[in-house]
Amino acid sequence: MRLAIVLPKVDVASAGTRIRYARLQAAFEDLGHTLTLNTLDDLIADPALTDDAYLISKIRDVRSVVLAHRLRAAGKHVGIDIFDDYYSHVDDSRFVHVRTWFDQIAPLLTFALTSTARMEMRLERLLPGLPRHRLNDPFTPWDHDSVAKRCAAAAQEARHSRTLRVLWFGIGNNPHFSVGLSDLCNYGHVLRELERAPWRVELTVLTNRRALTADILTRLARIGVATRIEIWSEAREAELLGATTLAFLPVNAQRFSTTKSLNRAVTALTAGAQVLSVGFPLYADLDPFLYRDGDAFLADLEADRLRLREATLPGRDAALAECGKASTEAAALATFFAALPEPAPLADGPFAVVFGRGVKPDVVAAVARGGGLTVATSLAPGKLAYDVRVRDKDVVLSAAAAAALRPILSDAPRLLDDNSGRSTLALTALGLPVLRRIPATGPHAFALYRAEVTRVRAVLAELFEPSTTFILSEQKSPFWAGKTGLDDLHLKGAA
Amino acid sequence: MSTAPGPAESSGDYDGFAAERQLLATSSYFDADWYRERHPEVAASGLAPEVHYLTIGAAKGLRPSLHFDPKYYRLCAGEMASANPLLHYLTSGRAAGLKPRALFNVSADRLSPEEFPIIDRPTDPAAPIAPALPPLRNAADVETVGRYFSRLSGVPDSGGGPLSAQVLAQASQWLTAGSCRLVDGWYVAEATLRLRFDLEPAATPSVAASTIAAGTFEAVPEAPTQHTVPILSAYQFKPDAGPAMPRCLVRVGRVELGGAGVCFADLALTNPLMPILLVLAEEPIDADEPADTLAPVLDQAGAASLIAFPSLLRKGLHYAEFAASTESGRNIANALALGRNHLAICLADEEKPFAVGRVVVDLSTATGAEAIFSPPLLRWLAAVFGLAVEARIGDEVDDAVAEHLAAALSVSGTLEPARGRRDAAGVLMLPPQAIPTLAALVSRHPVEDARLGHYLVADRRSAMPRAAVSVAANITALEELQPIGAAPLPRLWPAGDGAAPLRGTTSFPLAIALRDPAEPDSATMLAPYAPDAMGSTLRTGFDPDAIEPGDLVVVAVATDQDRTADLLETLAAQSLGDLVTVKLVATNPGVTDGPAAQIAKRFGTRLEIVTPNPLLAPHGLAAVATAGGRYILSVHDGILLHDQRTLETLLTLAAAPGVGAASCVILHEHTVKKRRQIAFASGGWFTTAVALTTAPQLVFGRPNTLDAVVNATYPVVAAGPDLVLYKAEALALIDEITPNPVEAAVVLQLGLKMIEAGYRQLVTTAVRAIALDEPAGHNISDPASPEALPLSRLAELLDHVTTIREVTG
């Protein structure tokens, strides 16, 4: 089995990628398979496509749809790795583009991976019948003896100094949800209640810089325990986990939070840190080794019978093995792939991506490399070399677009720009009326987007063969084009 | 104060300053440690702090301590103090009555943290700077305060006769009226309450004149040359300290109140809501270990007072309630008085049942991180009010989440309701973002009908108030017109199954909604319901059989070709676009040509161009009134409808019994430098400020507190005029209105007429429209004139509409 992980350009070296895929790589290869990390840019124009299965990770835009289209046409397995649940919030206006992407790529998938049982259950609802597999994040191997010593030393130091060195670590913010440091602030009362004679709490917050807004800093100050803030790095996380008395992991019960992985708790436990998790019992699978109550933790600390200590490490090892031992995960993944039926071939054919609001230039470029025509609505980012730009009176076509016109239009008069190779075709030549110019910004962009997309569709229908697939791409809210799907070869949603 | 010089510091050849150095060393206005720490040049100079100050620092204007402000002193003292202001103060300025720093008059009406001195080391309260106050002692008053404290904290009463709120007030006078008076208090952290005392030294026992006259104080004689520094200690009962000690008394702070000036005490509260006992004594009270009884503390106390509900203080969870209760005088004395009022109701007349017997939280949008789930709040409700918070679980809540949230509401340990108050009382139902007000918790108004409740809005982060929302009393059937998924408004049900119909509102706020101050996303602002999740936006679904061709007429005022085309475009895209008849009121020649004409063709015969009648008021309402149809939408081409469900939503509202007109929230987008911001305007008019003590100065305008307008449908004085859907039979009342060239006046008068005739006008947040032009000025003076609305009818008007009043801290 040759498995290719497809990542956005910047993600190859990210912590998440290393934790999930790089740690799996060696174990997977030990079984005689290969696992490679690839960027989408590498693959989208690659005619070779030599792997058996392609796992698309964190590319929730039309590029992955284009790639998936090509891969299915080449008879490959295509899957997505789902970490966060942006899809079942069907009434949330902020995630229209994500749901649209999901609807576009879903028909092209032959499998899906998740990292938690709860997300797996959600996928059953979202993609019924699609083969899916839970791949736990593999943890790093640990040295039993040093972890045991570390547990004992940390407890001893705490009892001696009467100081609880509490660590909160991780990504502190999310652009859409109140998580991370917000949870820490909301559950700050737990830390205050730990601070009772003779105990003193010293909190260290290890997080990303972007999370440290004025609001959060104000709220952190109001928790009321001595607090120190540091900027996150992997090395510093390991160092602090090795020195902390207690890792504090609060979790709220919003839908987004309840499907998160066990990663942070696993990281803390494998480093030998005690864990206090409050709020939603996200880490219930690890309950025997972590605390849900500060009083219980203090009692155990005083009595030198902490849940994580040398005597309980074998049990911890067994529990963690269920949650992500690399060799176990690799074997299960290989078994899953071996059981997948051969993917049904999909017909290849011309496609065009219609760009709306908020699309980034590299997405446009990637689609062009992937062999699709790029079409600009008035709301698409300007000054990019689209293949088709529909204007109020005419249509500007690239050489590639002109070559793809319906044969009946091959003789239609066009103005040719010798420098750029582009040509301009008057709308009247298509029997279409002159369009109104719709402002690309401001309230008109919101209110008239649907009409704009409708007009563009009408023009495209006149320009290209009915066998052309149109995919709508938009990345910025608000959206009014509704859903589009590849199955019926037409833009949906526009009135 | 000063300390010995550090190892690297030199006193140098400065014997000539010996007297001055001695003066500084014995004065608390010179703090050597603080001075060294504050000004790095001191350590770098190698000089002892006092020497540095005498030779360099004073001339440079460096501050010698927290308590002395050289700039302020120079302003007061003038040129005489320019050389060395501190020495001047110590040698002559103090005797002359000059102040060492600006001491603001804290009895002023509006307090804000900016008015208080900057605290550099808040954990180091000012040390006594001079011996001062003799202690006071009144055993009976101390005992009374102690009993109130115990009872309110949930400790069973050991007897001793009825409690007297008047005695409590008198016993507490020393706290805010004596020579060591409490002048302010606020939460510097969630469970840290900072109290500020202003101290005035006195050679004789300092008591309020009234108490001397009443003979209620007994001054303990002291040697005339010797004074002891009274020590203030603060205590709380900590509920549920464990199985072995269900409650224990914990000292949460202590400070010596000596000398003159400002003194701060930081109280590390065991629970930020539980009552606080303040005790003044000559000697430190031996109560370092938690105790289960108050007796040892009271036995040693010279005076006692009670902060019954500390959460009323600034940045406390109930501060919004205090701020909303008064337009002026938001000082600590009034906050304490409000607390005593609540206390008196809470502890008096126990045979009369409380209004609230149960608190139920709707879990449908809960995350478990809201304030109502916090253990300190839950323990306080149980200990003080005998209340447990229950969960109402809807179908949309995940089972595991519901189980977790319901469990999170249970109070652990041995805590049990302290009183049997909840037998025949009402049910307070809250959205998860809200906490109950003190007024609701102590109220003994009988609950006979189910009522919606007024509520307050506060910032979740800082607990600072934002707005007070008074929900309309006349709200029959409004529930079914609320947006889908909207968090329920707080309400009070009589004991029972909660199925009784809602009748009116409570007379006091039921809850404080703690809102996250985060900027809303433009998507959720413009389209609160996702455009790809098409369906009804209101609980009552749209009934397509309720409308036939010709029923719905749109009267659109056209001023500009392109704008008219845009408006028609969005009308055509509406879900009811195929059913509308459009009457374009062309205000300019040619406005319906060009692009507008192209789009108008889509309507075919359903579009008619109307020329405005110059004999009538030059605005759309004249055409609206004669438009025909059962429902008439009045709109102009400065409005765009981007949500396809706008017309059907307004139609659902307008079709409801008793509704005369409906509108929606209107947003306007404008660019500020490189950012794009969305300004909010309501489609209806609220009273934003009402003065009832003078003439009825109603000020109509749009709510300027966005987050106070919850996702809801609410009645207004008048909907529109930018976008409003009228029911034709209600619109007929326009014939009874005095003609007025100002459209706003006509719309307002029509609104009042409708209310008089028994109609309501509604505005909903379920759908939103966009205004191309910036909304008109915020406050519109009442154009109807006082004669149109006599004072006697004001209360009736306010019963019919929702009012939003800004409340600032």
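Please read these numbers as outputs of a predicted model, since none were measured by experiment.

Would you explain the overall build of chain A in this entry?
The secondary structure content of chain A amounts to 18 helices and 18 strands. With the principal axes as the frame, chain A shows a C-alpha extent of 90 × 50 × 40 Å. Here chain A holds 495 residues, and 57% of them are scored as buried. Residue pairs in contact within chain A that sit at least 24 positions apart in sequence constitute 70% of those at least 6 positions apart. Of the accessible surface of chain A, which amounts to about 19,300 Å², a share of 54% is contributed by carbon and sulfur atoms. Each charge class in chain A can be summarised by its mean position, and for the 59 positive and 56 negative side chains these summaries are 5 Å apart.

Whenever I open this one, the confidence of the model for chain B confuses me. Can you help?
One rule of thumb: low pLDDT means the predicted coordinates there are not for detailed reading. Residues and elements named next belong to chain B. Averaged over all residues, the pLDDT of chain B equals 78, while 77% of them reach at least 70. Ignoring residues within four places in sequence, the model shows residues 1-8, a span with pLDDT below 50, making 17 contacts including any to other chains. A low-confidence stretch, residues 103-136 (pLDDT under 50), is modelled with 90 contacts involving residues beyond four sequence positions or located in other chains. In the model output, the complex is listed with pTM 0.81 alongside ipTM 0.87.

Can you walk me through the sheet that holds strand β5 (residues 231-239) of chain B in this structure?
Two strands in a sheet stick together by hydrogen bonds in their backbones, pointing the same way (parallel) or opposite ways (antiparallel). Residue and element names in this part refer to chain B. In spatial order, the strands read β6-β5-β8-β9; together these four strands make up an open sheet with antiparallel pairing. Either end of the sheet is taken by a strand with one partner, and the two such strands are β6 (247-256) and β9 (303-307). In this sheet, neighbouring strand axes are inclined to one another by 25° on average, regardless of whether the strands run parallel or antiparallel. As defined by bridge partners, β5 adjoins strand β8 (residues 276-281) across five bridges and the pair is classed as antiparallel. Bridge pairing in β8 links I231 to A281. Across the sheet, helix α7 (residues 139-152) lies against β5, β6, β8 and β9, angled at about 25° from β9, the strand it touches most.

Would you mind going over the sheet that holds strand β7 (residues 261-268) of chain B with me for this structure?
Residues and elements named next belong to chain B. On the basis of which strands lie adjacent, the open sheet formed by three strands has the order β2-β3-β7 and antiparallel pairing. With one partner strand each, in any of the chains shown, β2 (180-189) and β7 form the two edges of the open sheet. Each adjacent strand pair in this sheet contributes to an overall mean axis angle of 25°, direction not counted. The pairing of strand β3 (residues 192-199) with β7 spans eight bridges and is classified as antiparallel. Paired with D198 across the two strands is V262, which belongs to β7.

Before we go on, may I ask you to explain the pattern of salt bridges in this structure?
Pairing between side chains becomes possible if they bear opposite charge and their charged atoms approach one another. The full count for this structure, using the stated rule, is 44 salt bridges over all chains. In this structure, R165(A) engages E157(A) in a salt bridge whose closest nitrogen and oxygen atoms are separated by 2.7 Å. Across the pair D198(B) and R196(B) runs a salt bridge, and its minimum N-O distance is 3.2 Å. Classification of D198(B) by relative accessible area gives buried; the value is 9%. Bridged by salt links that share partners, the residues E157(A), R165(A), R200(A) and E202(A) form one connected network.

What is the right way to read the confidence of the model for chain A from this model?
This prediction gives chain A a mean pLDDT of 87; 95% of its residues lie at or above 70. Ignoring residues within four places in sequence, the model shows residues 483-495 of chain A, a span with pLDDT below 50, making 43 contacts including any to other chains.

Would you mind showing me how to read helix α13 (residues 313-324) of chain A here?
Turn by turn, an α-helix covers 3.6 residues, leaving residues three or four places apart pointing in a common direction. Residues and elements named next belong to chain A. Compared with an ideal rise of 1.5 Å per residue, which puts 12 residues at 16 Å, α13 spans 16 Å between its outermost C-alpha atoms and is within 8% of the ideal. Among the residues of α13, those classed as buried are L313, R316, D317, A319, L320, C323 and G324. Structurally, α13 contributes buried residues whose contacts are with α6 (144-161), α11 (263-270) and α14 (326-339).

Would you mind showing me how to read the interface of chain B and chain A here?
Many descriptions give the size of an interface as the accessible area lost when the pieces come together. Across the contact, 49 residues belong to chain B and 46 residues belong to chain A. Looking at the side of chain B facing chain A, the largest losses of area belong to E190(B), R461(B) and D532(B), adding up to 17% of the total buried there. Joining chain B to chain A, the criterion identifies four salt bridges. Between R455(A) and E569(B) there is a salt bridge; the shortest N-O distance is 3.5 Å. Remark: the boundary between chain B and chain A carries 14 residue pairs in polar contact (both at pLDDT 80 or more). Here the element with the most residues in the side of chain B that touches chain A is helix α18 (residues 561-572) of chain B; it accounts for five residues.

Any chance you could explain the packing of helix α5 (residues 70-77) of chain B against helix α6 (residues 85-93) of chain B here in plain terms?
The packing of two helices is summarised by the inter-axis angle and the distance between the axes. Residues and elements named next belong to chain B. Across the interface, α5 lies against α6 with an axial gap of 10 Å and an inter-helix angle of 55°. Taken together, the axes of α5 and α6 are oblique relative to one another. Remark: the crossing between α5 and α6 carries left-handed chirality. Across the interface between the two elements, P70, Y73, R74 and A77 of α5 pack against P85, H88, Y89 and G93 of α6. For the contact of α5 with α6, the class distribution of residues is five nonpolar, two polar and one charged.

Can you help me understand the environment of L384(A) in this one?
All names here are of chain A. With respect to the helices, strands and loops of the structure, L384 is situated in the loop between β13 (373-376) and β14 (388-390). Expressed as a C-alpha distance, the spacing of L384 and P361, which sit 23 residues apart in the sequence, is 7.2 Å. When residues no more than four places from it in sequence are discounted, the contact partners of L384 are P361 and V364.

What is the right way to look at the packing of α7(B) against helix α13 (residues 332-347) of chain B in this model?
Residues and elements named next belong to chain B. Where α7 contacts α13, the axes come no closer than 11 Å and their chain directions differ by 70°. Judged on the interaxial angle alone, α13 and α7 are roughly perpendicular. Seen along the crossing, α7 lies across α13 with a hand that is left-handed. The residues of α13 that touch α7, namely those facing Y148, R151 and L152, are L343, C346 and L347. Class assignment for the residues of the contact of α7 with α13 results in five nonpolar, no polar and one charged.

Would you explain the packing of aromatic side chains in this entry?
All names here are of chain A. On inspection of all chains with the given rule, the structure shows 25 aromatic pairs over all chains. Members of the aromatic cluster, joined through ring pairs, are Y86, F95, F177 and F256. A cation sits over an aromatic face here: K58 above F83, 5.1 Å from the ring centre. The residue whose ring lies beneath R162 is W199, and the NZ or CZ to ring-centre distance is 4.6 Å.

Quick question: what am I supposed to make of the nonpolar core here?
Note that soluble globular proteins tend to have their nonpolar side chains buried in a common cluster. Judged by nonpolar contacts, the single largest core of 135 residues is most densely connected at F197(B), L277(B), F309(B), W380(B) and F385(B). Aside from chain neighbours lying at most four places away, what touches F197(B) is L175(B), C180(B), R181(B), L182(B), L232(B), L257(B), G261(B), V262(B), C263(B) and A265(B). Listed in part, the 93 residues of the second largest apolar core include L397(A), A627(B), L640(B) and Y759(B).

How should the pairing of β5(B) be read in this particular structure?
Every other side chain in a regular strand lies on the same face of the sheet, so the side chains alternate between the two faces. All names here are of chain B. For β5, a buried count of eight out of nine residues is recorded, marking the element as mostly surrounded by other parts of the structure. Here β5 pairs with β6 via nine bridges, running antiparallel. The residue of β6 that forms the bridge with K238 is C248.

Can you walk me through unusual backbone geometry in this structure?
One can expect most non-glycine residues to show negative phi and most peptide bonds to be in trans. Residue and element names in this part refer to chain A. Although it is not a glycine, L49 sits at a positive phi angle of roughly 50°. Along the chain, the position of L49 falls in the loop between α2 (40-44) and β3 (53-57). Accessibility expressed as a relative area gives 6% for L49, which makes it buried. Non-glycine residue R162 carries a positive phi angle of around 60°. With respect to the element layout, R162 can be found in the loop between α6 and β7 (163-170).

What exactly am I supposed to notice about the environment of L217(A) here?
Along the chain, L217(A) falls in helix α9 (residues 214-223). Taking C-alpha positions, L217(A) is 38 Å from S64(A), a pair spaced 153 residues apart along the chain.

Is there a simple way to think about the pairing of strand β15 (residues 394-397) of chain A in this case?
Residue and element names in this part refer to chain A. A two-sided burial pattern is seen for β15, the buried positions comprising D394 and V396 on one face and V395 and L397 on the other. The pairing of β14 with β15 spans three bridges and is antiparallel. Bridge pairing in β15 places R389 opposite V396. Sheet topology note: the β15/strand β17 (residues 423-426) ladder contains four bridges and is antiparallel. Bridge pairing in β17 places V395 opposite L425.

What counts as what
Residues numbered from 1 in each chain as written. Chains lettered and ligands numbered in written order. Predicted model: local features only at pLDDT ≥ 70, side-chain atom pairs only at ≥ 80, totals over all residues. Heavy atoms only, no water. Helix = DSSP H or I, 4+ residues; strand = E, 2+ residues; numbered from the N terminus. Buried < 20%, exposed > 50% of the residue type's maximum accessible area, 1.4 Å probe, protein only. Contact = heavy atoms within 4.5 Å. Areas by Shrake-Rupley, 256 points an atom, 1.4 Å probe, with all protein chains shown as cover. Lys, Arg positive; Asp, Glu negative; His and termini not counted. Charge placed at Lys NZ, Arg CZ, Asp CG, Glu CD. pLDDT = per-residue confidence, 0-100. Pairing = 2+ DSSP bridges. Axes fitted to C-alpha atoms, helices over the stretch in contact; angles between N-to-C directions. Salt bridge = Lys/Arg side-chain N within 4 Å of Asp/Glu carboxyl O. Expected span 1.5 Å × (residues − 1). Buried area = accessible area lost by both parts, 1.4 Å probe. Polar contact = N/O pair within 3.5 Å; in protein donor to acceptor, adjacent residues only side chain to side chain. Parallel < 35°, antiparallel > 145°, perpendicular 65-115°, else oblique. Left-handed = near helix turned anticlockwise from the far one by under 90°. Nonpolar A, V, L, I, M, F, W, Y, C, P; charged D, E, K, R; others polar. Phe/Tyr/Trp six-rings, centres within 6.5 Å; stacked < 30°, edge-to-face > 60°. Lys NZ or Arg CZ within 6 Å of the ring centre and 35° of its normal. Core = buried A, V, L, I, M, F, W, Y, C linked by side-chain atoms within 4.5 Å.

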